[in-house]
Amino acid sequence: MEDRDRFSEDTQRRSCSKPPVRNRRACRETEKDRGKTKPGLPETRKTGLQCSDHMNQPLPFWLLLCVAVFSLSTRFYNITEPPHVCWDETHFGKMGSYYINRTFFFDVHPPLGKMLIGLAGYLTGYDGTFPFVKPGDKYEDHNYWGMRGVNNNISYTLQPFSLSWWLWLILTGVNLSGSLGVKFVGLFVIILVGISTAWDLWKLLGDLNLSLVDFAKHLFARIFGLIILPLFLYTTIFAVHFAVLNRSGPGDGFFSSAFQSRLIGNNLHNATMPEYLAYGSTITVKNLRIAGGYLHSHWHLYPEGVGAHQQQVTAYLHKDYNNQWLVKKPDNHAETPELVRHGDIIRLEHRETTRNLHSHLHEAPLTKKHLQVTGYGINGTGDLNDLWQVEVCGGKKGDPVKVLRSKVRFLHRSTGCVLFSSGKTLPKWGWEQVEVTCSPYLKETPNSQWNIEDHINPNLPNISLHVLKPSFLEILLESHIVMIRGNSGLKPKDNEVNSKPWHWPINYQGLRFSGVNETEYRVYLLGNPVIWWLNLFSLGLFVVMVSVCSLALQRGAKLEGERKAHCRVILEGGGMLFLAWLLHYLPFYTMGRILYYHHYFPAVLFSSMLTGITLDTFLQNVDLLCRPPYSKYILRGGQTVLLVGILYSFYLFHPLSYGMRGPLAHDPSSSMAGLRWLDSWEF
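Reading guide: rules and limits
Residues numbered from 1 in each chain as written. Predicted model: local features only at pLDDT ≥ 70, side-chain atom pairs only at ≥ 80, totals over all residues. Heavy atoms only, no water. UniProt positions renumbered as here; feature names shortened; annotations may be inferred. 1 Å grid on protein atoms, 1.4 Å probe; cavity = no way out; pocket = protein on both sides within 12 Å on 5 of 7 lines; lining within 4 Å. Points joined across faces, edges and corners; volume = space filled by probe spheres on them. Helix = DSSP H or I, 4+ residues; strand = E, 2+ residues; numbered from the N terminus. Nonpolar A, V, L, I, M, F, W, Y, C, P; charged D, E, K, R; others polar. Core = buried A, V, L, I, M, F, W, Y, C linked by side-chain atoms within 4.5 Å. Buried < 20%, exposed > 50% of the residue type's maximum accessible area, 1.4 Å probe, protein only. Contact = heavy atoms within 4.5 Å. Disulfide = S-S within 2.5 Å. Polar contact = N/O pair within 3.5 Å; in protein donor to acceptor, adjacent residues only side chain to side chain.

In the nomenclature of an unreviewed UniProt entry, the protein corresponds to Protein O-mannosyl-transferase 2 from the organism Astyanax mexicanus. On record in UniProt, under Subcellular location (unreviewed entry), the comment for the protein is "Endoplasmic reticulum membrane". Word for word, the UniProt comment on the protein under Sequence similarities (unreviewed entry) is "Belongs to the glycosyltransferase 39 family."

A.B. asks: How would you summarise empty space enclosed by the protein if you had to cite specific residues and measurements?
C.D. replies: By volume, the largest cavity is sized at about 120 Å³. Taken together, 14 residues line the largest cavity, and the ones lying closest to its centre are Phe 105, Asp 107, His 241, Phe 255 and Met 483. Residue assignment for the lining of the largest cavity shows that the elements contributing at least two residues are helix H10 (212-244) and helix H12 (472-488). Per-element tally for the lining of the largest cavity: the top contributor is H10, with 3 residues. In terms of residue class, the lining of the largest cavity is made up of 9 nonpolar, 3 polar and 2 charged. Estimated volume of the second largest cavity: approximately 80 Å³. Lining the second largest cavity we find 10 residues, and of these Glu 89, Gly 93, Tyr 139, Met 147 and Arg 148 sit closest to its centre. Of all the secondary structure elements, the ones that give two or more residues to the lining of the second largest cavity are helix H5 (89-101) and helix H7 (145-151).

A.B. asks: Go over the UniProt feature "transmembrane region" (unreviewed entry) in the protein with me, naming the residues and quoting the values.
C.D. replies: Annotation from UniProt places "transmembrane region" (unreviewed entry) at residues 154-174, 180-202, 223-244, 530-553, 565-588, 600-621 and 633-653. Taken end to end, residues 180-202 is 87% helix and 0% strand, and its first and last C-alpha atoms sit 26 Å apart. The span residues 223-244 shows a helical share of 100% and a strand share of 0%, and its end C-alpha atoms are spaced 31 Å apart.

A.B. asks: Explain the nonpolar core to me, using residue names and the numbers behind them.
C.D. replies: Ranked by size, the top nonpolar core spans 49 residues in total, and within it Tyr 600, Leu 656, Met 672 and Phe 683 carry the most contacts. Listing elements by their share of this core, those giving two or more residues are helix H8 (163-182), helix H9 (186-205), H10, strand S16 (523-525), helix H13 (529-554), helix H14 (561-585) and helix H15 (601-620). At 8 residues, H14 tops the list of elements feeding residues into this core. One finds Leu 295, Leu 419, Val 434 and Ile 452 within the second-largest nonpolar core, a separate group that totals 34 residues.

A.B. asks: Any chance you could break down the environment of Gly 486 for me, citing the residues and the numbers?
C.D. replies: The topology assignment puts Gly 486 in helix H12. Gly 486 sits 196 residues away from Ile 290 along the chain, and the two C-alpha atoms are 9.4 Å apart. When sequence neighbours within four positions are dropped, the list of residues in contact with Gly 486 reads Phe 106 and Val 108.

A.B. asks: If you had to explain the state of the cysteines to someone new, which residues and values would you point to?
C.D. replies: Under the defined criterion, the tally for this structure stands at 2 disulfides. A disulfide bridge connects Cys 549 with Cys 567, and the sulfur atoms are separated by 2.1 Å. Of this pair, Cys 549 sits in helix H13 while Cys 567 sits in helix H14; the two residues are 18 residues apart in sequence, bridging distant segments of the chain.

A.B. asks: Pulling in residues and values, what's your account of the side chain of Asn 528?
C.D. replies: Inspection of the secondary structure puts Asn 528 in the loop between S16 and H13. A residue is classified by how much of its surface remains accessible, and Asn 528, at 15% relative accessible area, is buried. At 3.0 Å, the side chain of Asn 528 and the backbone nitrogen of Val 530 are in polar contact. A polar contact is formed between the side chain of Asn 528 and the side chain of Ser 649, at a distance of 3.0 Å. Not counting the four nearest positions on each side in its chain, Asn 528 is found in contact with Asn 507, Ile 646, Ser 649 and Phe 650.

Written as structure tokens, this is what we have:
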């Protein structure tokens with residue numbers, strides 16, 4: 001937007017040499033008033049373009065350098081404390097180890113943040129061998145400060161088309177790809193930049209001094225810098241991610257069989273197996289819904305009151321021996337080798353428990369309009385409710401079932417329903433695995449389609465599976481579908497603390513990272529209450545100031561000089577930051593997934609910047625309330641109080657930043673004595 005203002009000012013200066021009739025008076029007035037004082041205003045306040053130039057002066061480099069040094073020093077001070085695994089280091093440290101060991105894993109967010117953690121660990125001497133089992137485990141001799149340090153820091157008046165203009169445009173695009181490459185919440189800042197860019201282009205389109213050719217240059221420059229470049233870099237992040245993580249690991253089961261075939265060490269990598277399904281084969285059956293899981297059973301029974309009290313059948317996202325099933329004929333007799341074909345009636349016997357895949361007229365545990373699926377019988381004997389008809393999607397009677405390539409459905413003979421993975425997570429009694437049902441709705445969907453993945457039959461010839469490896473675009477698309485579905489599946493568990501969005505702006509409750517008693521090193525995540533509540537006050541003050549400014553403009557008030565510049569800052573700059581805060585905060589009210597206190601942190605960054613603009617503009621215009629020199633005293637005094645107050649509040653609450661030992665807050669000898677201002681704070 002400042003590019004647009006500079007362009008307009010330059011145009012006005014050039015037009016004074018030969019202005020149209022309607023512009024001559026404005027040019028003469030500008031030249032006449034330049035350097036003169038306005039009645040009733042301080043002598044230092046001048047009108048015209050000089051005031052805008054004064055407002056746009058950049059901050060001294062030494063000031064920016066001091067802020068950067070202060071920020072880095074406060075973040076890296078005492079970085080090695082506590083010397084044990086602290087809260088989410090359990091997950092992110094383990095993921096860093098996976099990158100160092102090139103072991104494939106699954107996470108619900110894009111990989112850039114975890115890649116940087118792994119890189120930091122590698123560069124600082126960490127060898128990727130620490131197990132990261134649970135919070136509190138001692139690091140001992142493992143070098144962990146690099147990975148912890150990078151976590152502490154992840155978190156234009158320019159002439160158009162100049163070198164500096166292009167530099168900032170490209171850096172914006174690079175950072176957009178980086179923000180989305182760490183977490184999907186980066187999408188909110190992309191929306192913000194998109195809105196700002198659209199508004200900027202709309203104003204440029206209305207500038208009649210700008211030709212359509214120049215407007216097209218602006219448009220295509222932004223398309224390149226803010227769309228094409230970020231997309232390329234974002235895609236490159238995943239290309240590196242897939243290239244590094246090329247070994248089988250705990251994330252294999254979340255992905256399709258074809259995806260797994262590219263992972264070294266996976267049983268499908270360069271594997272050979274029989275091409276067609278046959279009776280007597282031992283198989284695993286994978287649902288084609290992304291993250292649908294493997295057909296699975298175990299010795300545990302459905303609890304009383306949940307359908308029939310029979311053996312549980314679920315979908316499990318990981319490879320496991322309890323995923324193995326034996327293919328049998330209804331009479332348990334088969335001539336070897338005999339292929340399974342479209343339309344055949346089969347039994348599926350669970351290898352570990354020898355119970356048959358079974359359904360009946362009891363409702364499913366979660367999807368009440370579906371029927372329950374269980375394991376029934378013993379040693380392969382059961383009843384007619386164990387019979388399933390094989391259907392090859394798109395096939396005809398007699399077509400064989402191709403391993404990995406055929407989409408197969410299993411129709412229950414007695415009830416007519418179809419085997420189905422609902423995607424819903426069972427409670428703790430179901431080990432939080434995925435619900436498997438028998439659906440009365442026979443429409444073909446990925447939830448009701450399965451493929452044969454592992455296939456063992458020594459009586460059949462094997463073929464190579466190398467031809468199944470997917471392309472880069474296919475695995476890129478699949479990984480995003482898996483991440484999005486995994487994110488939406490993060491529901492609060494029983495008795496798990498779930499932070500509420502209304503808690504966040506008022507700093508109602510923090511998050512315990514480590515330690516609970518006096519002998520442990522305690523780390524408690526809580527916002528600085530002085531800054532948090534100052535931000536909350538400033539949000540209200542901003543709304544009042546915008547309302548007053550808008551009413552003044554609507555009533556035709558003539559704002560000149562710095563007053564006009566301040567009005568523009570609060571309406572345009574402040575308005576964009578207020579919109580950024582809303583974009584990064586309000587969507588969480590609509591999310592069904594589990595929420596944590598730290599989800600507010602991107603929003604609080606924009607809220608803090610808005611606080612700076614709001615309070616600075618208020619103090620700069622306090623002469624509306626009192627005359628000089630008192631207004632100047634209030635300006636300097638207010639700035640001093642804010643600076644000293646924020647620094648002192650950091651000193652008061654610094655044990656929360658760096659952790660603490662010793663007595664708890666209620667003890668007078670505690671470092672936090674008297675600072676537990678709300679009962680909901682748990683330090």
